[in-house]
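Each chain is listed here by its residues.
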Amino acid sequence: MKTKSLVLAIAGSAILTGSAMADVKVGSLMGFTGPIESLTGGIHRGAEIAAEEINAAGGVAGGNMIELVTGDTTCGDATAATAAADRLVNAEQVAAIVGALCSGATTAAANSAAVPSGVVMVSPASTSPAITGLDDNDLVFRTAPSDARQGQVLAQVLRERGVESVAVTYVNNDYGKGFNDAFAAAFTDAGGTVTGSQAHEDGKADYRAEIAALAAGGADTLVVLAYLDGSGQTIIRQAVEEGDFAKFAGGDGMVGQSLADAIGGSLEGMVATQPGGDSAGADAFAKVAEANGLELDGPFRAEAYDAMALIALAMQKKGSVGRDGMSAAVRDVANAPGEEILPGELGKALEILAGGGDVNYQGATGVEFDDAGDPPGSYLVMEVKDGKFEQQAVIK
Amino acid sequence: MEFVDWLNASVYLFNKGLLNAAKIGSIYALGAVGITLVFGILRFAHFAHGDMMTFGAMVALGGTVLLREAGINLHPVPTGLLALPLAAAATILLAIFVDKNVYAHFRARRSPPVVFVMTSIGVTFVLQGVVRLIGGTGDRQFFFVVEHAGQRIREDKERWIVNFQWLRDHFEGFRENLVITAPQLWLFIFTAVALVCLHYFLTRTRTGKAMRAVSDNEDLARISGIDVGRMVSVTWIIAATLCAIAGTLLAMDTQYKPILAFSILLPMFAAAIIGGIGKPFGAVLGGFIVGAAETFAVFDWRPVAGRLFESVDMTQSMALVPAEYKLAVPFVILVLVLVWRPTGLFKGQVL
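Here the structure is a predicted model, which means the values were calculated and not measured.

This next bit is on the overall build of chain A. On a plain count of helices and strands, chain A comes out with 13 helices and 14 strands. Radius of gyration (C-alpha) of chain A: 23 Å, near the 21 Å computed for a compact globule of 396 residues. Along the longest, intermediate and shortest principal axes, the C-alpha atoms of chain A span 85 × 40 × 40 Å. Residue burial in chain A is summarised as follows: out of 396 residues, 57% are buried. Long-range pairs, those at least 24 residues apart, make up 69% of the contacts in chain A between residues at least 6 apart in sequence.

Now the structure itself:
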């Protein structure tokens, strides 16, 4: 008899927990397969950690537990991104979406599924300037800054260092094109000369012909806007071998120890920019990540945590888990006024909001949204010294 | 314009144009020869060829790491080349294994060529999975630091700069030089040796002549007493060896990645077809034609033209096509050749 009641109790509590788990669904729309599949696991985990922290603190809007539902965009295929977003929005009935990651996927998902149904998307990784101009009824936000700004920052850094003329090679996708356009315009405005700028296909074995063509313009610095594990490394390697260029610069896609290890001494003095700041939030997130076993050896994990946290806090703010009013609530909790909230303090934020207070979520990346739903973005200037990328300055 | 301008322009053209074309052309040639041999004997387009190359490069990389751990090196021979016999043996075993277990099945049923082509695409996907399973999905460098005579030498970074001191002494204003790296030098040596050996084998040895007979007319060869099954094995052995060599040298010159050779599969096919399918030396010529076409299509002529003619506008690129269209160039050549000479330059079989 005793055993039976115990079993019943366990079964009962299991049912209760089970139903509680599905109180509110949030989509995690990411490139789980495809060209960034090695990065996606960690980014998704970043969002998961925030959801777990919220659930451990008692859930949102009167005890609703958050369940993350995944959708695979494949990063490169807009049709697959659309189908995945459509499933999340219409079949799973998610309240909001963390994602997508690749800029093309975010655009496709927003235009075809999220915006028509009034679902808020917070992308932790899409950096294309094109996202700023999306006709999105204020539904698309991102916690990763636009490359339009990074292009200006990189141009400014190079001009300050006295670089007169550059040749640019960029990977032929939304990231490379957007970055290149912003950089070229800013560098020319600042009085520099771009002697040539060329798109290249990622993943090829040989770029010597392209590099030789760029070197023919006579620039002394090669700006590489690509990925360090892909074409970026090959291009720098071959440019060094052929003696075409001796000085290099790049964007966030090029910062990593594997590049410095592979190229060796010839990389000395390479300048690169990457999103980041010296805020207290970054340190706080590092502690949260460590406690949850997430290694910070890849990009956009902090941004994903922030994206998930913002969605949860917005639901708490408006006191309901529906789609209505999400956009305004996200903006409200992200921007001043209110108590500043860092990673690991989500429980405290929930309490303040429940008591009718106001929060200004800072998070790991110093979140603040402008009218287009973009963060202002602060950048680290990195330079290779003694075979390592070292932080030189922070540019807001 | 002075004589030294001519010198500068021609050395630049040789270094940045011809040498680059020869580097990628050698790889295409080695790959296209294998494709064309398989087509000649087995009569199907072997799509898994690129991934057999990657497989060879992966084994060579593994062998290189083991040799480095064991502290074995024969400087100045790059350690990667010491692992090449292992890579060739593994690739041969792979090719024979796939043939016996997959292609032989369809050969016994006398299936139409399109079945073989589809099957080889299936083999491609399986091989891509195997390569990622064993070698991982990331890129890897073939770089190795070896101890030699008390010095630490990074093999892949070794390069020679030919600066033509005599010309510098005698012509004021001469400032071009040639750059060649160790893997590239070995690539040229291996390509030359492999092609000379292949020529000797096909024209001077009994087995080679028998292979050509099978390629010309399989039934006639069979009733003349030639063991066609053995010729098939020999074909795979040669094709797989060339795959291992090309894959390893390509990976040493650039870097190992899982899509190393899959990404150059189509230019290699273009090379085989341009040369005349089933014609090994046509494939070699095709390989160099495709390499040269790709290189010179995006070649910026400014440094050459600027030295020869005063009126050149140095602010505008003088490349024939923008770099992003480089991939399309081999196919334009392919279409032109097929229109002008449908059997390819060397009168091969019509597909």
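That shown, we press on.
Another point: helix α14 (residues 329–340) of chain B. Residues and elements named next belong to chain B. With 12 residues, α14 extends 17 Å between its outermost C-alpha atoms, agreeing within 8% with the 16 Å of an ideal straight helix rising 1.5 Å per residue. Along α14, the residues classified as buried are V329, P330, I333, L334 and V337. The buried residues of α14 all sit within an arc of 140° when viewed along its axis, so they share a single face. For α14, exposure combined with an orientation more than 90 degrees from the buried face picks out V335, L336 and V339.

We now examine the sheet that holds strand β8 (residues 221–225) of chain A. All names here are of chain A. If you walk across this open sheet you meet the 7 strands as β7-β6-β8-β9-β10-β13-β14, and the pairing is mixed. Two strands in the sheet have a free side with no partner beyond their single neighbour: β7 (193–200) and β14 (388–395). The mean angle between the axes of side-by-side strands here comes to 25°, regardless of whether they run parallel or antiparallel. Of the strand pairs in this sheet, strand β6 (residues 165–171) and β8 are connected by 5 bridges, and their pairing is parallel. Its bridge partner lying in β8, Y170 is registered against L225. Relative to β6, helix α6 (residues 174–189) is tilted by about 165°, and along the sheet it contacts β6, β7 and β8.

Once that is clear, we can look at the domain arrangement of chain A. Residues and elements named next belong to chain A. Split into domains, chain A comes out as domain 1 (2–144 + 300–361) and domain 2 (148–275 + 378–395). The C-alpha-based centres of domain 1 and domain 2 are spaced at 34 Å. With 8 residues of domain 1 in contact, the opposing surface of domain 2 contributes 6 residues. Split by residue class, the side of domain 1 that touches domain 2 holds 3 nonpolar, 5 polar and no charged.

The next point concerns unusual backbone geometry. In this chain, A:G99 is followed by A:A100 through a cis amide linkage whose omega measures -5°. Among the secondary structure elements, A:A100 is positioned in the loop between β3 (96–99) and α4 (103–114). The peptide bond linking A:A336 to A:P337 adopts the cis configuration, its omega dihedral lying at 0°. Within the secondary structure layout, A:P337 lies in the loop between α12 (326–334) and β11 (339–341). Phi at A:N137 is positive, roughly 50°, even though this residue is not glycine. One can find A:N137 in the loop between β4 (120–123) and β5 (140–142). A count of 13 C-beta atoms within 10 Å places A:N137 in the partly exposed class. One non-glycine residue, B:R43, lies in positive phi territory at about 65°. Summarising the element assignment, B:R43 is placed in the loop between α1 (3–42) and α2 (49–69).

The buried fraction of β6(A) amounts to 6 of the 7 residues, a majority that puts the element mostly inside the structure. A crossover links β6(A) with its parallel partner β7(A), the connecting element being α6(A), and its sense is right-handed.

Tallying the contact residues gives 32 residues for chain B and 24 residues for chain A. Put simply, the parts of the chain that give the side of chain B that touches chain A at least two residues each are α1, β4 (178–181), α12 (280–297) and α13 (302–308) of chain B. For the side of chain B that touches chain A, the element with the most residues is α1(B), which contributes 3 residues. For the side of chain B that touches chain A, the class distribution of residues is 13 nonpolar, 10 polar and 9 charged.

On to α6(A), then. Each α-helix winds once per 3.6 residues, and so residues spaced three or four apart point in a common direction. Residue and element names in this part refer to chain A. Between its first and last C-alpha, α6 extends 23 Å over 16 residues, near the 22 Å set by a 1.5 Å rise per residue. Restricting attention to buried positions, one finds in α6 the residues D174, Y175, G176, G178, F179, N180, A182, F183, A186 and F187. In this structure, the buried side of α6 is in contact with α4, α5 (147–160), β6, β7 and β8. Of the residues one or two after α6, G191 is the one with positive phi, at around 95°.

Moving on to the sheet that holds β3(A). The strands that make up a sheet are held in pairs by hydrogen bonds between backbone atoms, and each pair lies either parallel or antiparallel. Residue and element names in this part refer to chain A. Across the sheet, 5 strands lie side by side as β2-β1-β3-β4-β5; this open sheet has parallel pairing. Edge positions in the open sheet fall to β2 (66–72) and β5, since each of these has one partner strand only. Shown here is a sheet whose adjacent strand axes are inclined to one another by a mean of 25°, direction ignored. Across 3 bridges, the pairing between β4 and β5 is parallel. By the bridge assignment, S123 is partnered in β5 with R142. Across the sheet, helix α3 (residues 78–91) lies against β1 (24–30), β2 and β3, angled at about 155° from β2, the strand it touches most. Strands β1, β2, β3 and β4 of the sheet are contacted by helix α11 (residues 301–318), whose axis makes an angle of about 170° with β3.

Conventions we followed
- Just so you know, the residues in each chain are numbered from 1, in the order the chain's sequence is written.
- Here the convention is simple: chains get letters from A, ligands get numbers from 1, in the order in which they are written.
- With pLDDT at 70 or above as the cut-off, local features in this predicted model cover only qualifying residues; side-chain atom pairs require 80 or more to be listed or tallied, and sums for whole chains, interfaces and linings still use all residues.
- Strands here are runs of E lasting at least two residues and helices are runs of H or I lasting at least four, both read from the DSSP assignment and numbered beginning at the N terminus.
- Atoms counted for the radius of gyration: C-alpha only. Globule rule: 2.2 Å times residue count to the power 0.38.
- The exposure scheme places C-beta atoms from the backbone and then counts, for each residue, the other C-beta atoms within 10 Å of its own, assigning buried at 20 or more, exposed at 12 or fewer, and partly exposed in between.
- Placing a C-beta atom from the backbone of each residue, one calls two residues in contact when those atoms lie within 7 Å.
- The span expected for a helix works out to 1.5 Å for each residue beyond the first.
- This arc is built from the directions going out from the helix axis to the C-beta atoms.
- We treat two strands as partners when DSSP finds at least two bridges between them.
- Helix axes are fitted to C-alpha atoms over the stretch in contact, other axes to C-alpha atoms as well, and angles between N-to-C directions run from 0 to 180 degrees.
- Segment limits for the domains were obtained from an automatic or database-derived domain assignment.
- The residue classification treats Ala, Val, Leu, Ile, Met, Phe, Trp, Tyr, Cys and Pro as nonpolar and Asp, Glu, Lys and Arg as charged. All others, Gly included, are polar.
- With the strands aimed away from the viewer, a crossover counts as right-handed if its path from the first strand over the helix to the second runs clockwise.

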